[in-house]
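Listed here are the chains, written in short residue letters.
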Amino acid sequence: MISMNLADLIVMAVVYTNMISPTVAGKYLSYFLFFSPGITITALFAAAFMIGREINREFRRSLSHYLLSLPFSRRELAFGRVLSGGVRGMVYMAPLLATTTFVTWFFTEKLPSPLEMLLVVFALFLVSIGTSGLSITIALSTKSFEKFVTARGVIYYVLFFCSSVFYPLDFIRQLGRDGTLPQPLVFIAEINPLSSGADITRSFLLGYPSFSPLMLLNVALFAAIFVLTATFAYLKIVQE
Amino acid sequence: MFLHYKFVLILRALWFLAQIALFGLIVNRMVKEEVQVVTGGNYFYFYAAGIVVTLLYSMTVFIGYDIYEEADHGVTEYLLSLPVSRRELVLGRAIGGGLRSFLYVAPLMFVVLLLIGITDPFRILIALTALFLFAFGVAGMSITLAMSIKSHDRFDILLGVLNAFIVRLSTTMYPVAFMPPQYAAMAQFNPLTFAADIFRWGAGLEAVLLTSPFVSVFGIVVFFSVFTFLGIVFYEKRLEGGGWR
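Just so you know, these numbers come straight off a predicted model, no measurement behind them.

> Describe the overall build of chain B, with residues and values.
A count of helical and extended segments in chain B gives 11 helices and zero strands. Helices and strands appear in chain B in the N-to-C order α-α-α-α-α-α-α-α-α-α-α. At 18 Å, chain B has a C-alpha radius of gyration in line with the 18 Å of a compact globule built from 245 residues. The C-alpha extent of chain B, read off along each of the three principal axes, is 60 × 35 × 35 Å. Split into buried and exposed, the 245 residues of chain B put 49% on the buried side.

As C-alpha cells, this is what we get:
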C-alpha cells in the first residue's frame, strides 16, 4: 500500500499535472498539489477499511470465541475493534500527511497553524474511525465471503472514485449540471466523507476550498453513525 | 482451480467498472485539449484500452501466490510425482496461469473493444495473440519471483512495489508525450507499454502508439521468452532437494 501511494504521488500525480487543464486545477495551483491531500485520504481509507476483512474472517473461522474469553466486556471489545481500525488508518496515514504538508509548504510556502493542523488530524480521525465502522458493518452483514467481497468492493470503489479525492467537487457539480454525470453520483460525491476529509485538508494546507463547518459536521455524522452501527452489529453477532 | 480466485475476480471486475465508468469518464473531461489530440481524439478510449492491459497484468501475477500455496499444502510433492518433466511442469504452469487470467479478462476486453468499435478483426486477432503471450510472460515473471524468494511476505511486498511502479511507469494510463523524460525513458522498455500499444493498435487507435506493432510484438516475445526461460531455470533449481519447503 505504501508503494502504491508513493507511486501515485511521484509518478501518477506528476504525469496528470501535465495533462489536466488549468481551468480545472488552477485554483489549487496545480493538479499535483490538489491530488497530494487526496493521496493522504486514500491511504487512510484503505488502511481503515482493512479491519472489515479481518473481522469477517474471524467470524467465519470462529476466532471470535477466543476474543470473548479475554478479560473485558463485550461492549469494550466491540468498540475496541472499531477504534483499532480507525487508529490503524491514522498510523498509516501519518507519514503521508507529513509528506503532503511538506510538499504543499514547499510549493506554496503555506503552513497551517497548530490549531488548524489539529483540526485536520481530528477530521481525519473521524473519517478513519467512521471508515472502520463502515467496513465492520459490511463485514458483519453477511456470513458469505463472496457477498461480503462484492458489497465491500462496490462500497469501496464508489466511495473511492465518487469523491473529490481525484477531481474537484466544483468540477463534479459542473458535470452534474451538464448532464455528463448522473445527479445521484454528484450527491454521493457531495456527502462522501472522503470528499469532506480531503477538502478540509486542502482548505488548511492550500487555502482552497474555504473551510466550512458543514464539512466537519459531515465527517462527524459519518463517524457517529458507523461507529454506533458497527458496535451494535458486533455486539449482536457476538451474542448469537 | 479456475475459480480459485473468484473473489479477486469480483473485486477486479468492480475496480475495472469504477475505473472506466467513473474515473475514465470524469478525467476525460478534465484533460487539456492537446491530450485529446495526442490520444487520437478521445482520451477515454485510450484509457479504457490501457486499463484492460493493467487488469490482465494484475490478474496474471496471482500465479505466484499459487506456488506458495502449493508448497504450503503439499501439492508440490504431488505435482512432482506426475509423469511430466520439470521443464514441462513449469511451462504448463506459465501457460496455465496466462490462460486463466486471459479467460478472466476476456469478457471485459470485449466490452472495451465494443465500446471503441471493432474495425479490423484480423488486427484484433493479432493483438489478442500478443496479449496471450504477454500474459504467459507475466505468469513466468511471477513464477520466477516466487521461486527466487522463499518468504511469502517478501514476495508479497516485492510484488506490491513492482505492480505499483510497473503500471504507473507505462503508457497504460497516459500517453508518453506528457511524461517527464525520465519516466518516458522507462516507459519505452516497459512490457505493459508494449501490451497497451498492441491492444490499442488492434482496436484501431493507431494515433496514440509509442512503438510500432512490430516492435511491440517483438518486445512481448522477448519478455515472454526471457521470463519463461528464467521461470524454468529457477523452478528446476528450487525443486532440487526440496528447496520449496
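> So what's going on with helix α8 (residues 152–168) of chain B? Residues and values would help.
Helix length check: α8(B) (17 residues) gives 24 Å between terminal C-alpha atoms against 24 Å at 1.5 Å per residue, within 8%. Buried within α8(B) are the following residues: Phe155(B), Leu159(B), Ala164(B), Ile166(B), Val167(B) and Arg168(B). On its buried face, α8(B) sits against α1 (2–19) of chain A together with α3 (43–60), α4 (63–72), α7 (121–148) and α10 (191–202) of chain B.

> Tell me what's going on with the interface of chain B and chain A, and back it up with residues and numbers.
At the interface, 26 residues of chain B touch 26 residues of chain A. Every element with two or more residues in the side of chain B that touches chain A is listed here: α1 (6–30) and α8 of chain B. When residues of the side of chain B that touches chain A are assigned to their parent elements, the largest contribution, 12 residues, is made by α1(B). Among the residues making up the side of chain B that touches chain A, the classes are represented as 21 nonpolar, one polar and four charged.

> Please provide a residue-by-residue account of the packing of helix α7 (residues 145–161) of chain A against α1(B), values included.
Following both chains from N to C, one finds α7(A) and α1(B) inclined at 20 degrees, their axes separated by 9 Å at the closest point. On the basis of their axis angle, the class for α7(A) and α1(B) is roughly parallel. Crossing angle aside, the handedness with which α7(A) passes α1(B) is right-handed. Counted together, Phe145(A), Glu146(A), Val149(A), Thr150(A), Gly153(A), Val154(A), Tyr157(A) and Phe161(A) of α7(A) and Lys6(B), Phe7(B), Ile10(B), Leu11(B), Leu14(B), Trp15(B), Ala18(B), Leu22(B) and Phe23(B) of α1(B) form the full contact between these two elements. Each residue belonging to the contact of α7(A) with α1(B) can be placed in one class, and the counts come to 13 nonpolar, two polar and two charged.

> Got a sec to walk through helix α8 (residues 169–178) of chain A? Specific residues and values, please.
Side chains of residues three or four places apart in an α-helix project in the same direction, reflecting 3.6 residues per turn. Inspection of α8(A) places Phe171(A), Ile172(A) and Leu175(A) among the buried residues, and these make up the whole buried set. Viewed along the axis of α8(A), the buried residues span an arc of 105 degrees, placing them on a single side of the element. Close packing links the buried residues of α8(A) with α2 (22–25) and α9 (183–191) of chain A together with α1 of chain B. Following α8(A) by one or two positions, Gly179(A) has its phi on the positive side, about 90 degrees.

> Account for unusual backbone geometry, naming residues and giving values.
Residues and elements named next belong to chain A. In this structure, the amide linkage connecting Tyr208 to the following residue, Pro209, adopts the cis form with an omega of -5 degrees. Of note in this structure, Glu109 is not a glycine but carries a positive phi near 60 degrees. Within the secondary structure layout, Glu109 lies in the loop between α5 (74–108) and α6 (114–141).

> Account for the packing of α3(B) against α10(B), with residues named and values stated.
Two measures define how a pair of helices packs: the angle their axes make with one another and the distance between the axes. All names here are of chain B. Following both chains from N to C, one finds α3 and α10 inclined at 130 degrees, their axes separated by 9 Å at the closest point. By the criterion of interaxial angle, the relationship of α3 to α10 is oblique. In terms of crossing hand, the pair formed by α3 and α10 is right-handed. The residues of α10 that touch α3, namely those facing Phe46, Ala49, Gly50, Val52, Val53 and Tyr57, are Leu192, Ala195, Ala196, Phe199 and Arg200. Counted by class, the contact of α3 with α10 contains nine nonpolar, one polar and one charged residues.

Cut-offs applied
Residues numbered from 1 in each chain as written. Chains lettered and ligands numbered in written order. Predicted model: local features only at pLDDT ≥ 70, side-chain atom pairs only at ≥ 80, totals over all residues. Helix = DSSP H or I, 4+ residues; strand = E, 2+ residues; numbered from the N terminus. Rg over C-alpha atoms; globule rule 2.2 N^0.38 Å. Buried ≥ 20, exposed ≤ 12 C-beta atoms within 10 Å, placed from the backbone. Expected span 1.5 Å × (residues − 1). Contact = placed C-beta atoms within 7 Å. Nonpolar A, V, L, I, M, F, W, Y, C, P; charged D, E, K, R; others polar. Axes fitted to C-alpha atoms, helices over the stretch in contact; angles between N-to-C directions. Parallel < 35°, antiparallel > 145°, perpendicular 65-115°, else oblique. Left-handed = near helix turned anticlockwise from the far one by under 90°. Arc of directions from axis to C-beta.

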